[in-house]
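# Understanding the architecture of this molecule
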Amino acid sequence: MFAKHSLLPIATMVVAFFPLPLRAQIKASGTQVRGADLFSGRPMERIDRGLVAIRQPGGAFVSWRLLSTDTEDVAFDLYRREGDGPFRKLSDESLAAGTNYVDSSAEVSSRTVYAVRTAGEAAPTDGTDTASVWMDGYLEIPLRLAEGYRAGDLSIGDLDGDGQYELVLHQINTPRDNSHSGLTGTPILDAFELDGEHLWRIDLGRNIREGEHYTQFLVYDLDGDGCAEVACKTADGTVDGNGDAIGDPEQDHRDLDRRSRSYGRVLRGPEFLTVFDGKTGKAVATVDYVPGREPIDGWGGIGGNAGNDDYGNRCDRFLACVAYLDGVHPSLVMCRGVYGRTVMAAWDWQSGGLSQRWVFDSGINAPPYRDASPYSGMGGHSLAVADVDQDGRDEIVYQAMVVDDDGSGLYSTGLRHGDAMHVSDWYPQRPGLEVFTVQENEERSERFQTPGAAMRDARTGEILWSHSPGRDVGSGLVADIDPRYSGCEAWGGPGGLRDQSGQSIGRAPKNSEFAIWWDGDRLRELISRRGRITKWDWEQEREVSLYSPEGHGAPRGPNLIGDLLGDWREEFFLVSPEGDALRLYSTTIPTEERLPTLLQDHQYRLSLVWQNVSYNKPPHPSFFLGHTSTAQDSDAIPLSVTSGDDH
């Protein structure tokens, strides 16, 4: 079922760990961190304070990161400068509460800049590590869209090693779902700085079909040199950031017969996996994509509608992620298949080359699939990376099944295919992580009477509760939105909002796709495809609007959601109403909640890597972050922790 390959030495990573004093700080704050990667000693990126300043009436709201290497009692000094004038400290006392501040001392201008330093650190003297004010309430980043293209999914990574994130944007032209025939545009990947400076462009070419199930791109530092790489599936005619072609640029492998059911699809020709240099977009390594598409009719199974096809629908369903399979080094995991046969290939990027770690293959099976592997047909349109068995190494949560860090199957639930999945410590009173999924039940698959929604133990696959057998549930979400109940609430399908026992507790929000931490308490808010943020009013059982970006009418959804800048709360990107720019939005609500940036939780950071994959889902940390604070918190803190020294 799988093959293993030995690892070669890998470059030393820039790392940061949660030091012992900060452990006490998090414990005192009431945060549940049972099984959290915050304390596992895994390598993490070097990041700066992420300082952000947003104009408000009479001043500005300023926010910055608390880092894992900060001590428990760290305090901060905030400075402001107008133009070329001197820096002025804004508070006589150093700031020791939440890592945000409302500056109402004067009106701000486009020449106003802010700087933050830890207490006792020298005051700033120049423009280094400063932040200009977002004068319009958001940061607008101009785009260089190709003709006929629009902005699609977005990912972040430190491409040049300066401690600040750059952006990689997927430009889209005439996308097609796998179930539909027709020609598409060629997928484009663009890299640029937050100020809009364009870095490079990769054109994946006509032999890569456009659509959310086809092009999954991974942005991450894969070799530990401090600079992120970009990896994705390529083909004949892909042109890298230096203008060089991969394979044979003259080849056109598309089916151009309009009478064919495969019209517009690419079902012949070589398939590649390529790693691109993050600084330049240059292709630095290309290997054959594993697995190949053949046999094209060998990807059916009991997932979805329990069917099959021979025209290229099921064989071209791709997912991808980055995982720390040995607990120390990141690996690419490239996946193919969701409805039947599922194959995952793990790769390591080291010393300028790609080496294969292992391959998991659930195997080919024919109708009526009575002899199919229990891992066949269990995939969904998203995936997650988490250390579900708490052994320090990551597993791949693939909807209804989990593949272990060594490439073997850990377990299969038999729940089959679905369109939504969420993994975190939803219930802090019980050990470990939980997985919430919703399932499809349609056509020939109705006979299985699969639960429409289910909550399970992430380590064992034990079903904790489920409901609606035989119902086709299209979406579902988990978040702590009602403080009257312990842990998080889940919803999706009949029954409304459900507590940790799966019992209905009332109406559910209409939004069941995206969640966001925005308003300053530990309850999570909801965000719509248009960027409207709502708070769940648990007494009136309705969503109350907190924030709504002006002029956003196209329901394409956020390009990216995550804790990208500022304190522990989350930001989001939307395309501007004119379509020619991205807008980055951050909260302006003060809070004294003092938590480390979620970016330094391992599971959360890797969630931002896979967020662009197929059906986008919000990121979730490896620990419970919600309103509950109990005496059991002491059990959630590991007894030992690696020191904060860099390695």
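Residues numbered from 1 in each chain as written. Predicted model: local features only at pLDDT ≥ 70, side-chain atom pairs only at ≥ 80, totals over all residues. Heavy atoms only, no water.

The name given to the protein chain in an unreviewed UniProt entry is Rhamnogalacturonan lyase, with the source organism recorded as Roseiconus lacunae.

## Observations regarding the nonpolar core
By size, the foremost hydrophobic cluster in this structure holds 65 residues, and its most contacted members are Leu-332, Val-333, Met-344, Leu-383, Ile-396 and Tyr-398. Counting 30 residues, the second-largest nonpolar core is a separate cluster that includes Trp-568, Leu-584, Tyr-604 and Leu-625. (Core = buried A, V, L, I, M, F, W, Y, C linked by side-chain atoms within 4.5 Å. Buried < 20%, exposed > 50% of the residue type's maximum accessible area, 1.4 Å probe, protein only.)

## Structural notes on the pattern of salt bridges
Scanning the model with the defined rule gives 31 salt bridges in all. Linking Asp-309 and Arg-314 is a salt bridge whose minimum nitrogen-to-oxygen distance equals 3.1 Å. Judged by relative accessible area, Arg-314 falls into the buried class, the value being 9%. Shared partners join several salt bridges into a network, and the residues in it are Lys-233, Glu-271, Arg-293, Asp-316 and Arg-336. (Salt bridge = Lys/Arg side-chain N within 4 Å of Asp/Glu carboxyl O.)

## What to know about the pairing of strand β25 (residues 409–412)
Of the strand pairs in this sheet, strand β24 (residues 401–403) and β25 are connected by 3 bridges, and their pairing is antiparallel. Across the sheet, the residue bridging to Met-401 is Ser-412, located in β25. Where β24 hands over to β25, the hairpin turn is made up of 5 residues, of which Gly-407 adopts a positive phi near 90°. (Pairing = 2+ DSSP bridges. Helix = DSSP H or I, 4+ residues; strand = E, 2+ residues; numbered from the N terminus.)

## A few points about the side chain of Arg-81
With respect to the secondary-structure elements, Arg-81 resides in strand β4 (residues 76–82). Buried charge without a salt bridge: Arg-81, with Asp-84 as the nearest opposite-charge side chain at an N-O distance of 5.5 Å. Looking at Arg-81, its side chain comes within polar contact range of the main-chain oxygen of Gly-83, at 3.3 Å. Setting aside residues up to four positions removed in sequence, Arg-81 forms contacts with Pro-86, Phe-87, Arg-111, Thr-112, Val-113, Thr-125, Asp-126 and Gly-127. (Lys, Arg positive; Asp, Glu negative; His and termini not counted. Polar contact = N/O pair within 3.5 Å; in protein donor to acceptor, adjacent residues only side chain to side chain. Contact = heavy atoms within 4.5 Å.)

## Overview of the sheet that holds strand β2 (residues 52–56)
Pairing between the strands of a sheet is mediated by backbone hydrogen bonds and can be parallel or antiparallel. Taken together, the 7 strands give an open sheet; going across it, the order is β5-β4-β7-β8-β2-β3-β6, and neighbouring strands pair in mixed fashion. The open sheet has two edge strands with one neighbour each: β5 (88–89) and β6 (100–103).

## Some remarks on the pairing of strand β18 (residues 318–323)
Of all 6 residues that make up β18, 6 are buried, and the element is covered over most of its length. Neither face of β18 is exposed, since Phe-318, Ala-320 and Val-322 on one face and Leu-319, Cys-321 and Ala-323 on the opposite face are all buried. The pairing of β18 with strand β19 (residues 331–336) spans 6 bridges and is classified as antiparallel. Bridge pairing in β19 links Ala-323 to Ser-331.

## Structural notes on the sheet that holds strand β23 (residues 395–398)
The 4 strands are arranged β22-β23-β24-β25 in an open sheet whose pairing can be described as antiparallel. Each edge of the open sheet is held by one strand with a lone partner, namely β22 (384–386) and β25. Strand-to-strand twist across the sheet, computed as the mean angle between neighbouring axes with direction ignored, equals 20°. Examined bridge by bridge, β23 and β24 share 3 bridges and lie antiparallel to one another. The residue bridging Val-397 from the neighbouring strand is Val-402, located in β24. (Axes fitted to C-alpha atoms, helices over the stretch in contact; angles between N-to-C directions.)

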